[in-house]
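Single-letter residue listing:
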Amino acid sequence: MYPAAEQLYDALIGPPNPERWPESMRDRPVEAQGRYAFQEGLRLGIQLAMESLFPEFELWNRY
């Protein structure tokens, strides 16, 4: 993995934390962490896209 990608992952996702996983996935930690990482990446991507395309859209500035 690229060093910049590793730093971003560590800063935004971090190590596995079962408290962030759905109860139904606690016994499948690899899948749970993967889904959590995907969810956060998707959220950040959408937020970046909204900021880039619609900077006047105030809803995203609160998060």
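Quick caveat, the model's predicted, so the values are computed rather than measured.

1. Here we look at the overall build of the chain
Each helix and strand counted, the chain has 2 helices and 0 strands in total. Per-residue burial for the chain yields a buried fraction of 16% across its 63 residues. Across the chain, the fraction of contacts at a sequence separation of at least 24, relative to all contacts at a separation of at least 6, is 16%. Total accessible area on the chain stands at roughly 5,200 Å², and carbon and sulfur atoms take up 63% of it.

2. Section: helix H1 (residues 3-12)
Taken across its 10 residues, H1 has 0 buried, putting it largely on the surface. One or two steps after H1, the chain reaches Gly14, where phi turns positive at roughly 80°.

3. Observations regarding helix H2 (residues 29-53)
With 25 residues, H2 should cover 36 Å at 1.5 Å per step; its first-to-last C-alpha distance of 36 Å lies within 8% of that length. Every buried residue of H2 is listed here: Ala32, Gln33, Tyr36, Glu40, Gln47 and Met50. For H2, the secondary structure elements touched by its buried residues are H1.

4. Some remarks on a nonpolar patch on the surface
A surface patch of nonpolar side chains, about 310 Å² in accessible area, is lined by Phe38, Leu42 and Ile46. For Ile46, a relative accessible area of 39% gives the class partly exposed.

5. Some points on the nonpolar core
Counting 5 residues, the largest nonpolar core consists of Ile13, Trp21, Met25, Ala32 and Tyr36. Tyr36 has contacts with Ile13, Arg20 and Trp21, leaving out every residue within four places of it along the chain.

6. Topic: the pattern of salt bridges
Summed over all chains, the structure comprises 4 salt bridges. The closest approach of N and O atoms between Glu31 and Arg28, which form a salt bridge, is 2.9 Å. Take Glu31: its relative accessible area is 32%, and that puts it in the partly exposed class. Judged by relative accessible area, Arg28 falls into the partly exposed class, the value being 37%. We note a salt bridge from Arg43 to Glu40, for which the minimum N-O separation is 2.9 Å. Here Arg43 pairs with Glu40, and both are found in helix H2, just 3 residues apart, close to one helical turn. By relative accessible area, Glu40 is classed as buried at 12%. Connected through salt bridges with shared partners, the residues Arg28, Glu31 and Arg35 form a single ionic network.

Rules and cut-offs
Residues numbered from 1 in each chain as written. Predicted model: local features only at pLDDT ≥ 70, side-chain atom pairs only at ≥ 80, totals over all residues. Heavy atoms only, no water. Helix = DSSP H or I, 4+ residues; strand = E, 2+ residues; numbered from the N terminus. Buried < 20%, exposed > 50% of the residue type's maximum accessible area, 1.4 Å probe, protein only. Contact = heavy atoms within 4.5 Å. Areas by Shrake-Rupley, 256 points an atom, 1.4 Å probe, with all protein chains shown as cover. Expected span 1.5 Å × (residues − 1). Patch = residues over 30% accessible without salt bridge, like charges linked within 9 Å, V, L, I, M, F, W, Y side chains within 5 Å. Salt bridge = Lys/Arg side-chain N within 4 Å of Asp/Glu carboxyl O. Core = buried A, V, L, I, M, F, W, Y, C linked by side-chain atoms within 4.5 Å.

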